[in-house]
Amino acid sequence: MSDSIQDSSEPPHPDSILRLASAVHRFRTPLISPEDHLSFEDSFKSCSEGHKSTKSVMIQADLRRDEVKQAMAAGKLPHAKLSQSLKEYIPLLNQILISCKVQPESARLDKRLLFSWCSGIEYNKTKKSSYFKSEALMFELVLSISTYALSEANLGCDACMDGDFPAAARDFARTAGIFKYLGDDLLPSWMAKSQQHAKMENEALAETRVGVCVACTSLFTAMSQQMAVATILIKPGVPNYSLVGKLCLGIAEDLDSFVSTLRSKSSIHMSRMDPSFLTLITFEINVQRALGLYFLARSLWSSKVEYGLAIAALSEATVAMRTRSSPTGRGIPEIDQRGPLQSLVSEIDDFRQHMAALLKSWERDNSLVYFDKVPPSVPSNKALKAIQMNKMEEFVLEVRDPLPLGDDGSSSFGSKKNSGSNGGGPPPPSYDAIMMDDTGMTGRERSDSDLARELDKQLNS
């Protein structure tokens, strides 16, 4: 084979593939209502009055929450600052929650706590924020953690736009780990104790639903793997075509899992998501499958074996990149001229032209030189097998010892006065001691909804 034939049949992959492979969606972050002016210090004033450590934590929690609100109110949301403020706020909030759970008789409110948030995952056609209100401290904790997750995801989007794909992969992996914690650990335990679970299902924000968080774990795992593929493609030289193809198919499977989980476990909240986002997911699933076939074809041709099979794989890839004729047909969805996918039209056209020229070159070479039989499609035993890296960074919620609550020794852990620095009765046991003692929570552990109702009664009595 002459050099001219070899050059024309093995061109480098086009730059358009990089952008198609790495296209991701940027979610808004949830927002605290501007009208939300609650204060932990004011609300827990009586039961923390005699305890310096408790009062200090309440003040710190108010300061960190104010920082979160200030970051949210900024014209251009500073995601790095928001993430840092949430990282500092979440452990304080969790400490207050644990303190109330182990000392419900002492957790008396002077002022009502009513948390008000709007969703970042749900889509509002009117672009007017709709706020969901809850008295549950767990609601505040879940929304704070999910906001931290989506803020990290936005940092990943920023890194992707800057071409720093390894950093973007880490950010998306961190986001996936946070949603895994919410979907597998925190939310199931909360919902199991909530007497309002069925009633809340239709009304609650998407970020508080198990199905949404489980689905988002798959979504951000896929996005992290997209950045891994982009990292490979941007390097100089010829990539490992077979490996890249397997990774692309793994991305498609993760995105498929995202859609199927939403449909089966949280269809109501799926219907509230931005239609253009769901179109992007459908688009990416088909693009990643097309790339899987394309890289299989490149791998076969470059190995100089099974030229006919390489042609069949490339031919299937060109079909997968066509615009589908029906919503359930094969190919990419039709692109709305006013939709976000319009920005990828030039890359789509370039990739299609590249494959058409490459296919023409290969068919010519095969008819003149190789004479290898071209099968009608790629046999299942020759297809690439998907690789799912499942890359995610484990999220661990920092747990601190409960704070003493109660007026001058009225703590539920004892009535004798303690002259220690905290004042009042004996301090509550450490968190580790509670967890080691199977009876430590007997009679004390209550659902957030029960606690909220009790505190509200105390406040309004």
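An account of the accompanying structure is given in this report. (Residues numbered from 1 in each chain as written. Predicted model: local features only at pLDDT ≥ 70, side-chain atom pairs only at ≥ 80, totals over all residues. Heavy atoms only, no water.)

1. A word on the nonpolar core
Just so we agree on the cut-off: What is meant by a nonpolar core is a set of buried Ala, Val, Leu, Ile, Met, Phe, Trp, Tyr and Cys residues, joined one to another through side-chain atoms within 4.5 Å. Any residue under 20% of the maximum accessible area for its type is buried, any over 50% is exposed, and the rest in between are partly exposed; the area is computed with a 1.4 Å probe on protein chains only. A run of H or I in DSSP becomes a helix once it reaches four residues, and a run of E becomes a strand once it reaches two; helices and strands are each numbered from the N terminus.
Phe40, Ile145 and Phe220 are the most contacted members of the largest nonpolar core, which has 125 residues in total. Considering every element that reaches this core, the biggest residue donor is helix 13 (residues 275-302), with 15 residues.

2. A word on the state of the cysteines
For clarity, the cut-off: Criterion for a disulfide: a pair of cysteine sulfur atoms within 2.5 Å.
With the rule as written, the count across this model stands at zero disulfides. Sulfur of cysteine 157: no disulfide; nearest cysteine sulfur belongs to cysteine 160 and is 7.0 Å away. With no disulfide of its own, cysteine 213 lies 6.4 Å from the sulfur of cysteine 216, the closest cysteine sulfur. Take cysteine 213: its relative accessible area is 0%, and that puts it in the buried class.

3. Topic: the packing of aromatic side chains
Threshold: Side-chain rings of Phe, Tyr and Trp (the six-membered ring for Trp) are treated as a pair once their centres are within 6.5 Å; stacked means planes under 30 degrees apart, edge-to-face means over 60, and tilted covers the remaining angles.
Considering all chains together, one arrives at 16 aromatic pairs under this definition. On the numbers, 5.8 Å between centres and 70 degrees between planes, the contact of phenylalanine 258 with phenylalanine 277 is edge-to-face. One end of the pair, phenylalanine 258, is in helix 11 (residues 241-265); the other, phenylalanine 277, is in helix 13, with 19 residues separating them in the sequence. Residue class for phenylalanine 277 comes out buried when judged on its relative accessible area of 2%. Put simply, the rings of Phe27, Phe172, Phe179, Phe220, Phe258 and Phe277 pair up and form one aromatic cluster.

4. Remarks on the sheet that holds strand 2 (residues 115-118)
Selection criterion: Following DSSP output, two strands are said to pair if at least two bridges run between them.
Spatially, the three strands line up as an open sheet ordered 1-2-3, and their pairing is antiparallel. The sheet terminates laterally at strand 1 (31-32) and strand 3 (132-134), the two strands that pair on one side only. Across two bridges, the pairing between strand 1 and strand 2 is antiparallel. Note on strand 2: the bridge partner recorded for leucine 31 is cysteine 118.

5. Details of the packing of helix 10 (residues 210-234) against helix 11
Between two packed helices, both the angle of their axes relative to each other and the distance between the axes serve to describe the pair. Rule in force here: All axes are obtained by fitting lines to C-alpha atoms, using only the stretch in contact for helices, and the reported angles, taken between N-to-C directions, cover 0 to 180 degrees. Orientation labels follow simple angle bins: below 35 degrees gives roughly parallel, above 145 gives roughly antiparallel, 65 to 115 gives roughly perpendicular, and whatever is left gives oblique. Take the far helix as your reference; a near helix turned counterclockwise from it by less than a right angle gives a left-handed crossing, and one turned clockwise gives a right-handed crossing. In this count, Pro and Cys sit with the nonpolar residues alongside Ala, Val, Leu, Ile, Met, Phe, Trp and Tyr, while Asp, Glu, Lys and Arg are called charged and the others, Gly among them, polar.
Here helix 10 crosses helix 11 at 165 degrees, and the two axes come no closer than 8 Å. Between helix 10 and helix 11, the angle falls in the class roughly antiparallel. In this structure, helix 10 meets helix 11 at a crossing whose hand is left-handed. Looking at side-chain class alone, the contact of helix 10 with helix 11 contains 17 nonpolar, eight polar and two charged residues.

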